[in-house]
Amino acid sequence: MAEKATITLGEKSIELPVITGTENEKAIDISKLRGQTGIVTFDEGYKNTGCTVSNITFLDGEQGILRYRGYSIEDLAEKATFTEVSYLLLYGELPTATQLKDFEGQLTQHTLVHENLMKVFEVFPTGSHPMGQLMTLISALSSFYPESLNPNKSPEQLNLTIIRLLAKMPTICAMIQKKGKGHPVLYPQNRFDYVSNFLYMTFGNVTDEYKPDPVVVDAMNKLLILHADHEQNCSTSTVRIVGSSHANLYASIGAGVAALWGPRHGGANQEVLEMLEHIRDIDKGDVKKVVAEAKDKKRLLFGFGHRVYKNFDPRAKIIKVACDNVLAKLGVNDPLLAIAKELEEAALTDPYFVERKLYPNVDFYSGIIYKALGFPTPMFTVLFALGRLPGWISQWKELREKNEDIGRPRQIYNGYTHRPFVSIKNRK
Ligand code: SDX
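1. Things to note about the overall build of the protein
Of regular secondary structure, the protein possesses 18 helices and six strands. Against the globule reference of 22 Å for 428 residues, the protein gives a C-alpha radius of gyration of 24 Å, in line with a compact fold. In terms of overall dimensions, the protein has C-alpha extents of about 80 × 65 × 60 Å along its principal axes. Within the protein, the fraction of its 428 residues that count as buried is 47%. Partitioning the intrachain contacts of the protein with sequence separation of at least 6 by distance along the chain shows that 71% fall at a separation of at least 24. In the structure as shown, the protein presents an accessible area of about 21900 Å², 53% of it carried by carbon and sulfur atoms. Side-chain charges in the protein split into 50 positive and 49 negative, and the spacing between the mean points of these groups amounts to 7 Å.

Next up, the structure:
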């Protein structure tokens, strides 16, 4: 017999269905609760609210498990490329060699951006934040592909829009970094794979031939895979809620970029590096003082804590190891890494952090690798967005395919009750 939950409100008891997922996660389906009782549920920040039944990503915050379509993040980060993982997230299965060749071929065909998009890009002042530029440029793509504005047109049209966005994202991200440096923008080169092309457009120069360093390509693939999806986080929920109004893909993803920018979410990777530099330069490396100030709520330790992970973030473990390897291979000796490790050690042995289950998250060590690879700090969250793109799109695609209802939460109103209008001459 199907499991039910019973809710008693005063004299009345009602039964609600219980939904069970493939990993035995359970949820009480309250969608009919208001209809039957007039009462809504309340959950500020959605700490305890499931908003969809999804087949894409599973995470268990207590055990530190993360899987895309059933494959562990450890295996994917070690054995797959970012385009393979993108295919997996989007279409549900790892691609065969032929499917991957075809997918990568499609991506290669759509890497150029319209020259008029360059004009939009040119008007940004030097020094404008890369995330603001990214948000605008992605949204602006909708103007160049008016046939994509209706996401219900045809599955073929939808897939073309998805391919276009995935293909143009590295070009746009690289353009933004070039602008920050005042260097000429490079056009994509079809001889490169997805990640190498991004690195070429970012670090190559019109004056020299560019040969991607396999260490850098490998590190970049790993980092992008680790960021590729994370079920219903703030930016993905934003993408889904915008998509639920049947807004086009570019608008929905532009909104996701906006949500990611915040320092409590993806923007934390920039904050972490700036915090470590502050500890080095202003706090003179006094990690104990920093931890004490965090406990006194005078400052936040960026890169620590997570809404869902209450044991460890498996991505942070992988990035920490990668950080040691990449810096050693590139011959970089960054004192910030030593400060980061000291901070982690100090925090993890302190009861304040232990009791609150605050561990390093994905953003804690990633910035140190990005810095070693040569990315300027304000670009870090753009790199998160580049990695997260296939996840956002897959979640948006799933929502569209299921034709989910429009997202529209309820509230508890706590303002004035009805009061008479006061004419302007009588107001005090
Ligand atoms: C990402 O959700 C996802 O999946 C996101 C993400 C993804 O892949 O999409 O994993 C990416 O966004 C990672 C998180 C990046 N953000 C940061 O590193 C910023 C610092 N972290 C925090 O602001 C915070 O931990 C959050 C926002 C990540 C989680 O917030 P919660 O779940 O709402 O927890 P909380 O803020 O209510 O904190 C609980 C307690 C509080 O103390 P008390 O009031 O109980 O005394 O822990 C304290 C907080 O003050 N606390 C911290 C802290 N984080 C929480 N204290 C010091 N330093 C911190 N970083």
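More follows now that the structure is in view.
2. Considerations on helix α14 (residues 314-330)
For α14, built from 17 residues, the straight-helix expectation of 24 Å at 1.5 Å per residue is met to within 8% by its first-to-last C-alpha distance of 24 Å. Along α14, the residues classified as buried are Pro-314, Arg-315, Ala-316, Ile-318, Ile-319, Ala-322, Cys-323, Val-326 and Leu-327. As for α14, its buried residues are in contact with β5 (65-68), α2 (73-79), α9 (214-227), α15 (335-348), α17 (363-373) and α18 (380-402). Phi turns positive one or two residues past the end of α14, at Gly-331, with a value near 65 degrees.

3. Remarks on unusual backbone geometry
Non-glycine residue Lys-297 carries a positive phi angle of around 60 degrees. Looking at where Lys-297 falls in the secondary structure, it is placed in the loop between α13 (287-295) and α14. Using a relative accessible area of 60% as the deciding quantity, one classes Lys-297 as exposed. Despite not being glycine, Lys-357 has its phi angle at roughly 55 degrees, a positive value. On the secondary structure map, Lys-357 appears in the loop between α16 (351-355) and α17. With a relative accessible area of 39%, Lys-357 lands in the partly exposed category.

4. A word on the side chain of Gln-157
As for its position among the elements, Gln-157 is in helix α7 (residues 155-181). Contact partners of Gln-157, with chain neighbours within four places excluded, come to Glu-147, Ser-148 and Arg-164.

Thresholds, definitions, all that
Residues numbered from 1 in each chain as written. Predicted model: local features only at pLDDT ≥ 70, side-chain atom pairs only at ≥ 80, totals over all residues. Heavy atoms only, no water. Helix = DSSP H or I, 4+ residues; strand = E, 2+ residues; numbered from the N terminus. Rg over C-alpha atoms; globule rule 2.2 N^0.38 Å. Buried < 20%, exposed > 50% of the residue type's maximum accessible area, 1.4 Å probe, protein only. Contact = heavy atoms within 4.5 Å. Areas by Shrake-Rupley, 256 points an atom, 1.4 Å probe, with all protein chains shown as cover. Lys, Arg positive; Asp, Glu negative; His and termini not counted. Charge placed at Lys NZ, Arg CZ, Asp CG, Glu CD. Expected span 1.5 Å × (residues − 1).

Any functional reading would require information beyond the geometric quantities listed.
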